[in-house]
Amino acid sequence: MRSQSQTIAQPNLKRWKALALLAFANFLVMMDTAIIQVALPAIKNSLGYTEANLQWVMNAFLILFGGLLLLGGRLADLFGHRRIFMWGVSILTIASLFAGLAWNEMSLNVARAIQGAGSAMIAPAALSIVMILFGANKKELGKALAFWGLSGAAGGSIGIVLGGVLTQLLSWRWTLLFYVPVGILVLIMSTRLLQKGTRKVGRIDYAGAISVTAALILIVYGIVTAEHNGWQALSTLLPLTIGAILFILFILIQVFRKEPLMPLGIFRTPNLAAGNVALILLAASWFPLIYFLILYLQQVLEFEPFMAAMGMLPAPVLMAIFMVVLAEKVMAKFGMKVTMFIGFIILGISGLLFSGNTINGHYWSDVFIPLLLAALGNALAYLPATTAAVSEAKSEESGLASGLYNTTYQVGSAVGLAILVSIAAAATSAIGGNQLVALNEGYQQAFFWGGMVAFAGALLALLFVRSSKV
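Undergrad: Please provide a residue-by-residue account of the overall build of the protein chain, values included.
TA: Within the protein chain, the secondary structure is distributed over 17 helices and zero strands. Taken across its 470 residues, the protein chain has 56% of its residues classed as buried. In the structure as shown, the protein chain presents an accessible area of about 20300 Å², 69% of it carried by carbon and sulfur atoms.

Undergrad: Outline the layout of surface pockets, supporting the account with residue identities and numerical values.
TA: Considering only enclosed or pocket space, the second largest pocket measures out at about 420 Å³ in volume. Along the wall of the second largest pocket there are 20 residues; nearest its centre are Phe247, Ile280, Thr407, Thr408 and Val411. Among the elements of the structure, helix H4 (56-79), helix H10 (206-229), helix H11 (234-256), helix H12 (272-300) and helix H16 (398-430) are those that each provide at least two residues to the lining of the second largest pocket. Ranked by the residues each element gives to the lining of the second largest pocket, the list is headed by H16, at five residues.

Undergrad: How would you explain unusual backbone geometry if you had to name every residue and give the values?
TA: Located in the positive-phi region is glutamate 302, a residue other than glycine, with phi close to 60°. By the secondary structure assignment, glutamate 302 is in the loop between H12 and helix H13 (305-312). Judged by its relative accessible area of 61%, glutamate 302 falls in the exposed class.

Undergrad: Any chance you could break down empty space enclosed by the protein for me, citing the residues and the numbers?
TA: The tally for this structure, following the rule as stated, stands at three cavities of 30 Å³ or more. In this model, the largest cavity occupies a volume close to 50 Å³. Every residue lining the largest cavity is listed: Glu51, Ala52, Tyr291, Phe292, Leu295, Val421, Ala424, Ala425 and Tyr443. Among the residues making up the lining of the largest cavity, the classes are represented as eight nonpolar, no polar and one charged. Estimated volume of the second largest cavity: approximately 40 Å³. Lining the second largest cavity are Ala25, Leu28, Val29, Val89, Leu92, Thr93, Ile122 and Gly183. Taken together, the elements giving at least two residues each to the lining of the second largest cavity come down to helix H2 (15-34) and helix H5 (81-100). Tallied by class, residues from the lining of the second largest cavity come to six nonpolar, two polar and no charged.

Undergrad: Tell me about the packing of aromatic side chains, and name the residues and values.
TA: In total, this model carries 13 aromatic pairs according to the counting rule given. Here the aromatic rings of tyrosine 363 and phenylalanine 368 are separated by 6.4 Å at their centres, their planes lie at 45°, and the arrangement is tilted. On the basis of relative accessibility, which here comes to 14%, the residue tyrosine 363 falls in the buried class. A connected cluster of aromatic rings, assembled from ring pairs, spans Phe303, Tyr363, Trp364 and Phe368.

Undergrad: Account for the nonpolar core, naming residues and giving values.
TA: The biggest cluster of nonpolar side chains holds 150 residues, and the ones touching the most others in it are Leu22, Ile43, Phe85, Leu108, Tyr291 and Phe292. The greatest single-element share of this core, amounting to 18 residues, is contributed by H12.

Undergrad: An account of the pattern of salt bridges is requested, with residue identities and associated values reported.
TA: Going through the model one piece at a time under the given rule, you end up with two salt bridges. The residue aspartate 32 makes a salt bridge to arginine 112 at a minimum N-O spacing of 3.0 Å. Placement of aspartate 32 in helix H2 and of arginine 112 in helix H6 (residues 105-134) is noted, with a sequence separation of 80 residues between them. Taking relative accessible area as the criterion, arginine 112 reaches 0% and is therefore assigned buried. A salt bridge links aspartate 205 to arginine 257, with the nearest nitrogen and oxygen atoms 3.0 Å apart. Linking aspartate 205 in the loop between helix H9 (179-193) and H10 with arginine 257 in the loop between H11 and H12, this pair joins segments that are 52 residues apart in sequence. You can call arginine 257 partly exposed: its relative accessible area is 35%.

Undergrad: Lay out H12 in plain terms, naming residues and giving numbers.
TA: Across its 29 residues, H12 extends 41 Å between first and last C-alpha, which sits within 8% of the 42 Å expected from 1.5 Å per residue. Burial runs high along H12: 25 of the 29 residues are buried. Directly beyond the C-terminal end of H12, a positive phi value near 60° is found at glutamate 302.

Undergrad: Describe the packing of H2 against H4, and please don't skip the residues or the numbers.
TA: For the pair H2 and H4, the least separation of the axes is 9 Å and the interaxial angle reads 145°. Here Val29, Met30, Asp32 and Thr33 of H2 come into contact with H4, specifically with Met58, Phe61, Leu62 and Phe65. Here the residues of the contact of H2 with H4 sort into six nonpolar, one polar and one charged.

Undergrad: Describe the packing of helix H3 (residues 40-47) against H12, with residues and values.
TA: A pair of packed helices is characterised by two quantities: the angle between their axes and the separation of those axes. At a minimum axis separation of 9 Å, H3 and H12 run at an interaxial angle of 70°. With respect to H12, the element H3 is oriented roughly perpendicular. The segment H3 lies against H12, with Leu40, Pro41 and Lys44 engaging Tyr291, Leu295, Gln298 and Gln299. Its residues assigned to classes, the contact of H3 with H12 comprises four nonpolar, two polar and one charged.

Undergrad: Give a description of the environment of leucine 19 that names residues and reports values.
TA: With respect to the element layout, leucine 19 can be found in helix H2. Along the primary structure leucine 19 and alanine 126 are separated by 107 residues, whereas in three dimensions their C-alpha atoms are 9.0 Å apart. If sequence neighbours within four positions are ignored, leucine 19 has contacts with Val130, Phe134, Ala144 and Phe147.

Undergrad: Which residues make up the environment of proline 316, and what are the values?
TA: Relative to the helices and strands, proline 316 resides in helix H14 (residues 314-354). The buried category is assigned to proline 316, whose relative accessible area is 11%. Residues proline 316 and glycine 159, spaced 157 residues apart in sequence, show a C-alpha to C-alpha distance of 10.0 Å.

Thresholds applied
- Residues numbered from 1 in each chain as written.
- Predicted model: local features only at pLDDT ≥ 70, side-chain atom pairs only at ≥ 80, totals over all residues.
- Heavy atoms only, no water.
- Helix = DSSP H or I, 4+ residues; strand = E, 2+ residues; numbered from the N terminus.
- Buried < 20%, exposed > 50% of the residue type's maximum accessible area, 1.4 Å probe, protein only.
- Areas by Shrake-Rupley, 256 points an atom, 1.4 Å probe, with all protein chains shown as cover.
- 1 Å grid on protein atoms, 1.4 Å probe; cavity = no way out; pocket = protein on both sides within 12 Å on 5 of 7 lines; lining within 4 Å.
- Points joined across faces, edges and corners; volume = space filled by probe spheres on them.
- Nonpolar A, V, L, I, M, F, W, Y, C, P; charged D, E, K, R; others polar.
- Phe/Tyr/Trp six-rings, centres within 6.5 Å; stacked < 30°, edge-to-face > 60°.
- Core = buried A, V, L, I, M, F, W, Y, C linked by side-chain atoms within 4.5 Å.
- Salt bridge = Lys/Arg side-chain N within 4 Å of Asp/Glu carboxyl O.
- Expected span 1.5 Å × (residues − 1).
- Axes fitted to C-alpha atoms, helices over the stretch in contact; angles between N-to-C directions.
- Contact = heavy atoms within 4.5 Å.
- Parallel < 35°, antiparallel > 145°, perpendicular 65-115°, else oblique.

Following this line, the structure appears as structure tokens:
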């Protein structure tokens, strides 16, 4: 106890440099979904993906990332945060090499999944180290967490631009190979700036982690195959049924295990359940919107990769501005319920506007204005949803609440994308004749139903979020 108190009393002299390294790692993780989005049409042409299967470039990463975040946090707590952080960076680096050298669909999908597994170790371990480094000083902790949040937002915005530049000047492969040298650099700096952690006694709920991750994979796979084979086909019903059974098994494991991966008692925390469901609906609306908008710009309006990247840049930049300048003030004045409701309504309206886009659309009228509304709506909905999901958790459950909110957002992204890709693919295949018109019809349907998901989020806010102000 004495040595521990001395450690707290004497802050780590390298803590700000360590924060820069950890924030850079968070930047890389958040950039991993953004940097490759502009490269999707090039990947499709290079490796022969179908329009429906192209989503697996994203979902392979998202499912493993979201499904293993809770396990990654538990491993970091037991085996030491620096150790698990460096394992995660190593896995991400090696997987990025194989992804960049991928020779077919399967090899890229597997490598992307392994990237997701590595990122699921990096994110919770890095944030835990930040909390340990700055936890003794609330003022410094506030600054550190603001810097941490900014690094994630920067990962989204810079990732889109960098992806466009690398794809246009070099190849889509460099959006993945880029992680190899920077990953090695992070590993080298980690040994110099991060202190070794200590092992703790405890059990790991491997059964829970495996069952929930397998459930997610099978449910998403079933949704994807439904477009080709129909909802009544055995190839659709079997993975959906097994996935549902595995998810029920996961819940049962959490109920009866002494040290579960996700203690279910946390859902008694006010607003936590509603906040996490809101995050699922927000991710299921926002993430597919960005996915289909990039495809619309390149495959319908025929933008070059770099121009498509520049066209998408306002989304994360505006969202960051709205989050910092506007969302906090609106929530302070009107509370979580009203702010979340307004955000979801605006996001839903943007989806409806996008659903009217034609093959002769113009960027400023048909893309920029709805994109501005989408960024505003996302910012207004995201802040209260996140606050609801984590703010009222007990101090000893803060890590679990944080891991849960990250997990639900990634799961919402993956499942929402799978459903809307299936809808878009069905609409495209039903239209004969002009391929451009058929593609656009699919994108219109995806935008429309993404807007409907956002409106469902607004209804959720009205019915289940407790009205309170920060």
